[in-house]
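Chain by chain, the residues run as shown.
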Amino acid sequence: MVEVTVADRVLAERVWRDRDEAAFRTLYGRHTPALYQFVLRVLGGNEHEAEDVLQETWIRGVDRLADFRWEASLRSWLSGIALNLCRSLFRRKDRGWVTLQVGDEPVVEAPHELELMDLEAAITALPDGYRTVLVLHDVEGFTHEEIGARLEISPNTSKSQLARARRAVRIALVEHGTGTRVES
Amino acid sequence: MTSDDHTELTPQEEAAFAALSRQRAASDVLEERTVRTLRARGFLSSRPWVRRPLVVAVGVAAAAVMFLSGLATGQWLGTQTVTRSMADAQAASAMERAVAVQRAGSAYVRALEALTQIADTSTDGAVAQGREAALTALYAAVNELVLLAPDDPVSVTLRDVLEWQRQSPSATQLTQVRNVVWF
């Protein structure tokens, strides 16, 4: 059987024009795994919060679908919505997002289960601001200019935050014997 | 960022980042929750096919075929005396009734074809009356089809369309000649 992949744009048009549930479910199935992993990583592994953010991402996305200009991919656009929701969550919970641009070396908390201490756990243990920049740059592949635009910070700030985040990750990995110490 | 910062990723670190998973399955519950919320806010319809013109057109066409069957039944019964019709109806097998429906449907179509042939030349109201009779019969037949299969979306859609037409301003013109009762 030949599997026919319908373009995102066609499916999206069916969703906003016809309110087609089947088209939405196709889009949902196509993009949710990547969005969920991204959101979960930015939020430091909190599945409950990640699911709430993901649901709201889709709701806002569908609501604004008619206005989407298709100058970027649908997934990129949705990840932008998700990122903004994550930032709102950080602000609401006062989880230190404001320390993004200034501050001393981050304090990296040890993970709850040391045997699972690996790169993923080291990222999870980062402060929200550092973790966000690290995920966007080193995992998702955004440039500092793109990160600056998305987070409303300067590219230089993004660079400095990334440097701090990487140092913190290395410290965490070295402490648990899985990394290589880099003298700084 | 430069290498002097000692924050450039080593090849091993780059490989480690690249190996991180890019996807994770979310729960099915989340999908259903999201869909329910979108429905509740009017962003999704549980019956999107109603809004798809092509689907509606196909549905109407299919319903028209079924209508002929129902219509033929009524026409056949209308040619009999009440007693004879009732007796025949009770005695007839399912196959006999289906055959009768088919024959009456064919007769109905032929009658409409004959009417169509004179539609361009006739100036009196006979054609309009004939059309009105056909539509009235169509509506009655579709109602029977809905009674026959209440859950059939095609029959229900066609009935809704016809009811809408009967209630629309253009339908008023039809009611002006609705003195023709065909059975």
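No experiment lies behind these values; they were computed from the predicted model shown.

Novice: Run through the overall build of chain A, naming residues and quoting values.
Specialist: Summing up its helical and strand segments, chain A has 8 helices and 0 strands in all. Walking chain A from its N terminus toward its C terminus, one meets helices and strands in the order α-α-α-α-α-α-α-α. Partitioning the intrachain contacts of chain A with sequence separation of at least 6 by distance along the chain shows that 61% fall at a separation of at least 24.

Novice: Which residues make up helix H4 (residues 74-93) of chain A, and what values do they have?
Specialist: Count 3.6 residues to each turn of an α-helix, and residues three or four apart come out pointing the same way. Residue and element names in this part refer to chain A. Taking 1.5 Å per residue as the helical rise, H4 with its 20 residues ought to reach 28 Å, and the 29 Å between its terminal C-alpha atoms agrees with that figure. Every buried residue of H4 is listed here: Leu78, Ser79, Ala82, Leu83, Leu85, Cys86, Leu89 and Phe90. End-on, the buried residues of H4 take up no more than an arc of 165°, which puts them together on one face. H4 presents Ser76 and Arg92 as exposed residues on the side facing more than 90 degrees away from its buried surface. Where H4 is buried, its residues touch helix H2 (21-42), helix H3 (47-63), helix H6 (128-139) and helix H7 (144-151).

Novice: Go over helix H6 (residues 126-148) of chain B, please, and point to the residues and values.
Specialist: Along its 23 residues, H6(B) runs 33 Å from first to last C-alpha, staying within 8% of the 33 Å computed at 1.5 Å per residue. Those residues of H6(B) lying buried are B:Gly130, B:Glu132, B:Leu138, B:Ala141, B:Val142 and B:Leu145.

Novice: Tell me about the interface of chain A and chain B, and please be specific about residues and values.
Specialist: With 32 residues of chain A at the contact, the number on the chain B side is 29 residues. Elements that contribute at least two residues to the side of chain A that touches chain B include exactly H2, H3, helix H5 (119-124), H6 and helix H8 (155-175) of chain A. With 9 residues, the single largest contributor to the side of chain A that touches chain B is H2(A).

Novice: Quick rundown of the nonpolar core? Include the residues and the values.
Specialist: Grouped together as the largest cluster of nonpolar side chains are 51 residues, with contacts concentrated most on A:Val39, A:Val53, A:Leu54, A:Ala82 and A:Cys86. At 10 residues, H2(A) tops the list of elements feeding residues into this core. In this view, A:Cys86 contacts A:Val39, A:Val42, A:Leu43 and A:Val53; residues no more than four positions away in its chain are not counted. If you look at the next biggest cluster of nonpolar residues, it comprises 15 residues, including B:Ala63, B:Tyr108, B:Leu138 and B:Leu145.

Novice: Please set out the environment of B:Ser46 residue by residue, giving values where relevant.
Specialist: Residues and elements named next belong to chain B. With respect to the secondary-structure elements, Ser46 resides in the loop between helix H2 (28-40) and helix H3 (53-78). For Ser46, a count of 9 C-beta atoms within 10 Å translates into the label exposed. For the pair Ser46 and Arg36, spaced 10 residues apart in the sequence, the C-alpha separation amounts to 9.6 Å.

Novice: Can you explain the packing of H3(A) against H4(A)? Please cite residues and give values.
Specialist: Packed helix pairs are characterised by how far apart their axes lie and by the angle those axes make with each other. Residue and element names in this part refer to chain A. One can describe the packing of H3 onto H4 by two numbers: an axis separation of 9 Å at closest approach and a directional angle of 130°. Judged by the inter-axis angle, H3 sits oblique to H4. Here H3 runs over H4; the crossing is right-handed. When H3 is examined against H4, the residues Glu49, Val53, Leu54, Glu56, Thr57, Arg60 and Gly61 are found in contact with a partner set consisting of Leu78, Ile81, Ala82, Leu85, Cys86 and Leu89. A per-class count over the contact of H3 with H4 returns 8 nonpolar, 2 polar and 3 charged.

Novice: Any details on unusual backbone geometry? Residues and values, ideally.
Specialist: A negative phi holds for most residues other than glycine; trans holds for most peptide bonds. All names here are of chain A. A positive phi angle is found at Arg19, which is not glycine, with a value near 55°. Checked against the element boundaries, Arg19 lands in the loop between helix H1 (8-18) and H2. The class for Arg19 is buried, based on 21 C-beta atoms found within 10 Å.

Novice: Describe the environment of B:Val65, listing the residues and the values that go with them.
Specialist: For B:Val65, the position within the fold is in helix H3. Placed 40 residues apart in sequence, B:Val65 and B:Gly105 show a C-alpha to C-alpha distance of 9.0 Å.

Procedures and definitions
- Residues numbered from 1 in each chain as written.
- Chains lettered and ligands numbered in written order.
- Predicted model: local features only at pLDDT ≥ 70, side-chain atom pairs only at ≥ 80, totals over all residues.
- Helix = DSSP H or I, 4+ residues; strand = E, 2+ residues; numbered from the N terminus.
- Contact = placed C-beta atoms within 7 Å.
- Expected span 1.5 Å × (residues − 1).
- Buried ≥ 20, exposed ≤ 12 C-beta atoms within 10 Å, placed from the backbone.
- Arc of directions from axis to C-beta.
- Core = buried A, V, L, I, M, F, W, Y, C linked by C-beta atoms within 7 Å.
- Axes fitted to C-alpha atoms, helices over the stretch in contact; angles between N-to-C directions.
- Parallel < 35°, antiparallel > 145°, perpendicular 65-115°, else oblique.
- Left-handed = near helix turned anticlockwise from the far one by under 90°.
- Nonpolar A, V, L, I, M, F, W, Y, C, P; charged D, E, K, R; others polar.

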